[in-house]
Amino acid sequence: MPTIRTSDEFDRIGQVGEGTYGSVYKAKDRLTSELVAMKKIRLTHEKEGFPITAIREIKLLRDMDHENVVKLKEVVSTKETTHNKGKGSIYIVFEFMDHDLMGLMDTAKMDFKVEQIKCFTKQLLAGLHYCHKRGIMHRDIKGSNLLINNAGILKLGDFGLSRSFNEKDIQYRYTNRVVTLWYRPPELLLGAVVYSEKIDMWGVGCIMAELLIQRPLFPGKNEKDQMEKVFAICGTPNETVWPGCSNLPYFNMVQGKEALPDRLQHHLSKHQGKVSTAASDLLCKLLHMDPTKRMSAGDALDHDWFWTDPMPCDPSCLPRYPSSHEFVTKKRRQEGKEMPGAQPGGQPDAKRHQPAHNNHSNSKGAPPAARPSEAGKGGDRHGGKGHAGHERAPANGSWRPR
Ligand SMILES: Nc1ncnc2c1ncn2[C@@H]1O[C@H](COP(=O)(O)OP(=O)(O)OP(=O)(O)O)[C@@H](O)[C@H]1O
Ligand SMILES: [Mg+2]
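Here we summarise the structure given alongside this text.

What counts and what doesn't
- In every chain, residue numbers begin from 1 and rise along the written sequence.
- Chain A is the first chain written and ligand 1 is the first ligand written, with later ones labelled in order.
- Under the rules for a predicted model, residues below a pLDDT of 70 receive no local features and side-chain atom pairs below 80 are neither given nor counted, while totals for whole chains, interfaces and linings still include all residues.
- To obtain the side-chain values, all non-hydrogen atoms of the structure were used and water was disregarded.
- Using only the protein atoms, space was sampled on a 1 Å grid; points where a 1.4 Å probe fits but cannot get out form cavities, open sets with protein on both sides within 12 Å along at least five of seven lines form pockets, and lining residues are those with an atom within 4 Å of a point.
- Grid points are joined across faces, edges and corners, and a volume is the space filled by probe spheres set on the points.
- Following the grouping adopted for this structure description, the nonpolar residues are Ala, Val, Leu, Ile, Met, Phe, Trp, Tyr, Cys and Pro, the charged ones are Asp, Glu, Lys and Arg, and the polar ones are all others, Gly among them.
- Here a strand is any run of E in DSSP of at least two residues, a helix any run of H or I of at least four, and the numbering for each starts at the N terminus.
- Only protein chains enter the area calculation, which uses a 1.4 Å probe; residues under 20% of their type maximum are buried, those over 50% are exposed, and those in between are partly exposed.
- Residue contacts follow a heavy-atom distance rule, with two residues in contact if any of their heavy atoms lie within 4.5 Å.
- At least two DSSP bridges between two strands are needed for those strands to be called paired.
- Every angle, taken between N-to-C directions, lies between 0 and 180 degrees, and every axis is a line fitted to C-alpha atoms, over only the stretch in contact when it is a helix.
- Only Phe, Tyr and Trp rings are paired, with Trp represented by its six-membered ring, and only when their centres lie within 6.5 Å; those with planes under 30 degrees apart are stacked, over 60 edge-to-face, the remainder tilted.
- One heavy atom suffices: a residue is near a molecule or strand as soon as one of its heavy atoms comes within 4 Å of it.
- Any pair of N or O atoms that falls within 3.5 Å is considered a polar contact. Within protein, one atom must be able to donate a hydrogen and the other to accept it, and sequence-neighbouring residues count only if both atoms are side-chain atoms.
- Method for areas: the Shrake-Rupley scheme with a 1.4 Å probe, in which residue coverage is limited to the protein chains shown.
- Crossings are sorted by hand: turned counterclockwise from the far helix by less than a right angle, the near helix makes the crossing left-handed, and turned clockwise it makes it right-handed.

What follows deals with the layout of surface pockets. Considered as a void within the structure, the second largest pocket measures approximately 480 Å³ in volume. Lining the second largest pocket we find 23 residues, and of these Ile-170, Val-194, Tyr-195, Ser-196 and Thr-292 sit closest to its centre. Classifying every residue of the lining of the second largest pocket by side-chain character gives 12 nonpolar, 5 polar and 6 charged.

Quick look at the structure:
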C-alpha cells in the first residue's frame, strides 16, 4: 500500500489562495525540489466529516490526464502530534501554476492581444472538451479557477463543484446551486435542476467576451439583477427561441414584463476593434439561451475564429508576467485602496457585489436558488438535503459569500 507523505516534507513559500475549506499555499517538495500548490482541507467541522467537495475533487482529478486540466500529484497529511490530537489537516498537492486568469487580468490590466485571447480560449475549450467527453461537468467556470503557468499553458482547476453526468439519463436532477453568479447560465438562473454540461459553455462565452471587451459581460449584483442583465442583452427568453423555458421554476420572473429583443450582436459590435465578425458569431453561439442549441466545446474548437487571422498564438509566445493569483492581487488592491489617494483599479470582483437578499418569488413553491450572498459555490460544499433531490445542498444557509 502506498504511504501518505506528511506535509512537513514540503517547505511552505506563501499563500496564493483562500478556498472554501482552507487555504492554498505555494510550497517546495524537499524530495524533488518541485514547486507545488497545497490545498489545505480543514477537518475542524467534525460533524460534516471529510468535505464532499474534496472527495469529488480528488476522485475526479485522480483519473484525469490532459494538458489543460490541472494535475493532482498526491494527497498528504499533517503529522499527528500531541497538539492536533488527530484533528490535523489533509492537503491536496497540485502542480504549481504561476497565475489564475482573474489575477492575470488584473496584472495585465486586461490588455491582451486577440491572438493571446484566442490562445487562452482555445486551451479552455480543449480542457472542457476533454472533461465533457469523459462525462464530467465543471460547474464553476470563472477566471480564478483557470490556472496558467509561465509556459502559457492554461489548465482547468477547482473541481470541487464538478460531477459526472450520464448522457443516457437526461432527466437526472442536479443541484441548482452551482456556478458563480456572473458566469451562471439562464437555465440555472431560471431554476433548472435538469441541465447538462452546456452550463459550462455559457461560462466560456462570458470569459471570452470579458477578455475581448475588457470588462465582465454580465456583472449582476444579485440573482434578479443577473437575470435582468442577461435578458437585457440576450433578449427575454420565450417558447420560440427556447422551447420548454416557460416550464422552468422562475419563468414567472420573466412573464408580464416587456419582451426584450436579442441585442448581443449589436452590443458586441461596439467593440469592433477586438470583436471581429467571427468572434461575434462564436460568442452568439456560446451564449445561446437554449442550452440544447448552445455550442459544444468540440464544435467551438472548430469555429472559424480559431482558424482566421490573427491565429491563436503559441502558448510559449505569451508574455511572462509576475505571478498573479486573485487572492494576492485582490489583497494588494484592497491595501492600495486603504492608502490615502490610492486609485481603485483592476478587475471588478463578484464577491464585492453581494446584496443582503434576493427578490425571487416562486409560484411553484420550490425554494429559491442560492441566495445572492451565497451565489457561487453550491450546495455540494456542505451537507444537508437540498431541493434538487439527488444532490446534497446546504440546509443551514451558511455558505460563504462569493
Ligand atoms: N495548482 C495551483 N497552482 C497555483 N495556484 C493555485 C492552484 N490551485 C489553486 N490555486 C489558487 O488558489 C485559489 C483557490 O483554489 P481553488 O479554486 O482550487 O479553491 P476553492 O476552495 O475552490 O476556492 P474558492 O472556493 O475560492 O473557489 C485559486 O483561485 C488559485 O488562485
Ligand atoms: Mg476556486
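Structure's up, so let's keep going.
What follows deals with the environment of Arg-215. Residue position: Arg-215 is located in the loop between helix H5 (198-213) and helix H6 (223-234). On the basis of relative accessible area, Arg-215 is assigned to the partly exposed category, the value being 48%. As for Arg-215 and Met-105, which are separated by 110 residues in sequence, their C-alpha atoms are 9.9 Å apart. Leave out the neighbours within four places in its chain, and Arg-215 touches Met-110, Glu-210 and His-271.

One open sheet holds the 3 strands; their spatial order is S6-S8-S9, and the pairing between them is antiparallel. Where the open sheet ends on each side, the last strands, each with one partner, are strand S6 (99-100) and strand S9 (154-156). When strand S8 (residues 146-148) meets S9, the two strands line up antiparallel, connected through 3 bridges. For Leu-147, the partnering residue across the bridge sits in S9 and is Lys-155. Lying over the sheet, helix H3 (residues 114-133) contacts S8 and S9, oriented at roughly 35 degrees with respect to S9.

Let us now look at the packing of aromatic side chains. Scanning the model with the defined rule gives 6 aromatic pairs in all. Summarising the aromatic geometry, the rings of Phe-112 and Phe-120 are spaced 5.5 Å apart at their centres and angled 85 degrees between planes, so their arrangement reads as edge-to-face. According to the relative accessible area criterion, Phe-112 is buried, its value standing at 1%. Assessed through its relative accessible area of 3%, Phe-120 is described here as buried.

For the rest of this paragraph, the subject is the site of ligand 1. Inspection of the region around ligand 1 gives 23 residues, with Thr-20, Lys-39, Asp-100, Ser-144 and Asp-158 positioned closest. One of the side-chain N or O atoms of Asp-100 is found 2.4 Å from an oxygen atom in ligand 1. Here an oxygen atom of ligand 1 and a backbone polar atom of Ser-144 are 2.7 Å apart. Expressed as a share of its isolated accessible area of 600 Å², the protein-covered part of ligand 1 is 95%. Secondary structure elements with two or more residues in the shell around ligand 1: strand S1 (10-19), strand S3 (35-41) and strand S5 (90-95). Ranked by residue count, the leading element in the shell around ligand 1 is S1, at 4 residues.

At a minimum axis distance of 8 Å, the contact between H5 and helix H8 (residues 277-286) shows a crossing angle of 150 degrees. You can see that H5 and H8 cross each other, and the crossing is left-handed. For the pair formed by H5 and H8, the contact residues are Met-201, Trp-202, Val-204, Gly-205, Met-208, Ala-209 and Leu-212 on the first element and Ala-279, Leu-282, Leu-283 and Leu-286 on the second. Looking at side-chain class alone, the contact of H5 with H8 contains 10 nonpolar, 1 polar and no charged residues.

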